[in-house]
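# Notes for the structure review
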Amino acid sequence: VGSDYPFPLGEDVPGALADLIGRQAMATFLSVSDFPRRFVATVDNLDRSYAPASAWPLNPTPGRFTVREQEGDTVIAPDNSARYTPLVLLAEAVDVGRAVDLYVRLYPLLQREYEHLGYPKLSFNDRLVVVIDHLLATPATAYPVKLTLTEVKGPVTVLRPWVRYEFADPALESMSAGQKILLRIGEANHRRLKAKLAQFRRELGRRTTPR
């Protein structure tokens, strides 16, 4: 964090994150380079149609997205959720009060980054609350989730065709990027992350609104 971003804690952002979740967990799960910018940009994208992973404050999830065939349909493989379980366990272990404390202390940095995104007169805290409420409103769905395969064709032939999966149900496919993430990580992880988000939302509501 440069001199343009005076950090109220009197220490660097990675150090503050390490105090919250531990250095090993920080190194494993978080992309701490430009963390305030990444955090703000990701929050702002989660209720939109696209949230580019390159901007996330998280390291890529190990392994590959897996599917299986079931009764003639392609579905998300049940064991795919195991890839995300370590991150969900970390989120559950974080003390919500300490997390909100850190958020309030980081808020001057977060607000400035939000203004740099093009919102000089808006509150990032207001935006965060809107996005959390949006994620909490993600509807339950039947698992395993059915998918369709869309091949993206280009002028160059590759050894392994570039393909991507979409939700077979148009109502699910039309959801925001953040809601789709909650569906992809599996039923149990979906439920547990929403419970933690709800805790954070309640605790944040008890505090003085950062400005």
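Residue indices follow the written sequence of each chain, beginning from 1 at its first position. In view of the model being predicted, local features appear only for residues whose pLDDT reaches at least 70, and side-chain atom pairs are presented and counted only at 80 or more, with totals across whole chains, interfaces and linings using the full set of residues. Computation of side-chain values: all heavy atoms of the structure, hydrogens and water removed.

If you tally the helices and strands in the protein chain, you get nine helices and four strands. What you see in the protein chain, going N to C, is helices and strands ordered as α-α-α-β-β-α-α-α-β-β-α-α-α. Residues counted as buried form 39% of the 211 residues belonging to the protein chain. Residues are treated as being in contact if the distance between any of their heavy atoms lies within 4.5 Å. Within the protein chain, contacts between residues separated by at least 24 positions form 64% of all contacts whose residues are at least 6 apart in sequence. Summed over its atoms, the accessible surface of the protein chain is roughly 12,200 Å², and 55% of this surface lies on carbon and sulfur atoms. Secondary structure elements follow DSSP: runs of H or I no shorter than four residues count as helices, runs of E no shorter than two count as strands, and numbering proceeds from the N terminus. Classification of residues uses two cut-offs on accessible area relative to the type maximum, computed with a 1.4 Å probe and protein chains only: under 20% is buried, over 50% is exposed, and between them is partly exposed. In short, Shrake-Rupley with a 1.4 Å probe defines the accessible areas, and a residue's cover is counted only from the protein chains shown.

The salt bridge criterion pairs a side-chain nitrogen of Lys or Arg with a carboxyl oxygen of Asp or Glu, the two atoms within 4 Å. Evaluation of the coordinates by the stated rule reveals 11 salt bridges. Its salt-bridge partner being arginine 127, residue aspartate 47 comes within 2.6 Å of it at the nearest N-O pair. Taken together, the positions of aspartate 47 in the loop between helix 3 (35–45) and strand 1 (67–70) and arginine 127 in helix 6 (residues 124–136) put the pair 80 residues apart, joining distant regions of the chain. Residue arginine 127 is classed as buried on the basis of its relative accessible area of 13%. Among the salt bridges present, the one from arginine 207 reaches glutamate 203, with a minimum N-O distance of 2.8 Å. On the accessibility criterion, arginine 207 (24% relative accessible area) is partly exposed. Among the residues examined, glutamate 203 registers a relative accessible area of 17% and is labelled buried. Taken together, the shared-partner salt bridges in this structure form one network comprising Asp44, Asp47, Arg48 and Arg127.

With that settled, the discussion passes to helix 3. Spacing of three or four residues puts side chains on the same side of an α-helix, whose turn is 3.6 residues. Most of helix 3 is tucked away, with nine of its 11 residues classed as buried. Looking at the buried side of helix 3, the elements it contacts are helix 1 (13–21), helix 5 (96–116), helix 6 and helix 8 (177–184).

This next bit is on a nonpolar patch on the surface. A grouping of Phe65, Leu149 and Tyr165 is seen on the molecular surface, where their side chains present a nonpolar patch of about 270 Å² in accessible area. Position of leucine 149 relative to the elements: it lies in strand 3 (residues 146–151). Within this analysis, patches are made of residues with over 30% relative accessible area and no salt bridge. Like charges are joined at 9 Å or less; nonpolar side chains (Val, Leu, Ile, Met, Phe, Trp, Tyr) at 5 Å or less.

Our next topic: the packing of helix 3 against helix 6. The axes used here are C-alpha line fits, helices contributing only the stretch in contact, and every angle between their N-to-C directions lies in the interval 0 to 180 degrees. Packing of helix 3 against helix 6 brings their axes to within 9 Å, and their N-to-C directions diverge by 50°. When the interaxial angle is binned, helix 3 and helix 6 end up oblique. Crossing of helix 3 against helix 6: the hand is left-handed. Contacts between helix 3 and helix 6 involve Phe39, Val40, Val43 and Asp44 from the former and Phe124, Arg127, Leu128 and Val131 from the latter. Geometric relationships in this document are graded by angle, where less than 35 degrees denotes roughly parallel, more than 145 denotes roughly antiparallel, 65 to 115 denotes roughly perpendicular, and other angles denote oblique. Each crossing gets its hand from how the near helix is turned against the far one by less than a right angle, where anticlockwise is left-handed and clockwise is right-handed.

It is worth spelling out the pairing of strand 1 at this point. A regular strand places its side chains on the two faces of the sheet in alternate fashion. One ladder, built from four bridges, connects strand 1 with strand 2 (residues 73–76); its direction is antiparallel. Residue pairing across strands places valine 67 opposite isoleucine 76, the latter belonging to strand 2. Pairing between strands is defined by DSSP: at least two bridges between the two strands are required. If you look at the hairpin formed by strand 1 and strand 2, you'll find two residues sitting between the two strands, and glutamate 71 has a positive phi there, around 50°.

Confidence of the predictor at the level of single residues is captured by pLDDT, which takes values from 0 to 100. For the protein chain, per-residue confidence averages 89 on the pLDDT scale, and residues scoring 70 or more make up 87% of the total. The model gives residues 1–5 a pLDDT under 50, and that stretch makes six contacts with residues more than four places away or in other chains. Contacts for the low-pLDDT stretch residues 157–162, under 50 throughout, to residues beyond four places or in other chains number four contacts.

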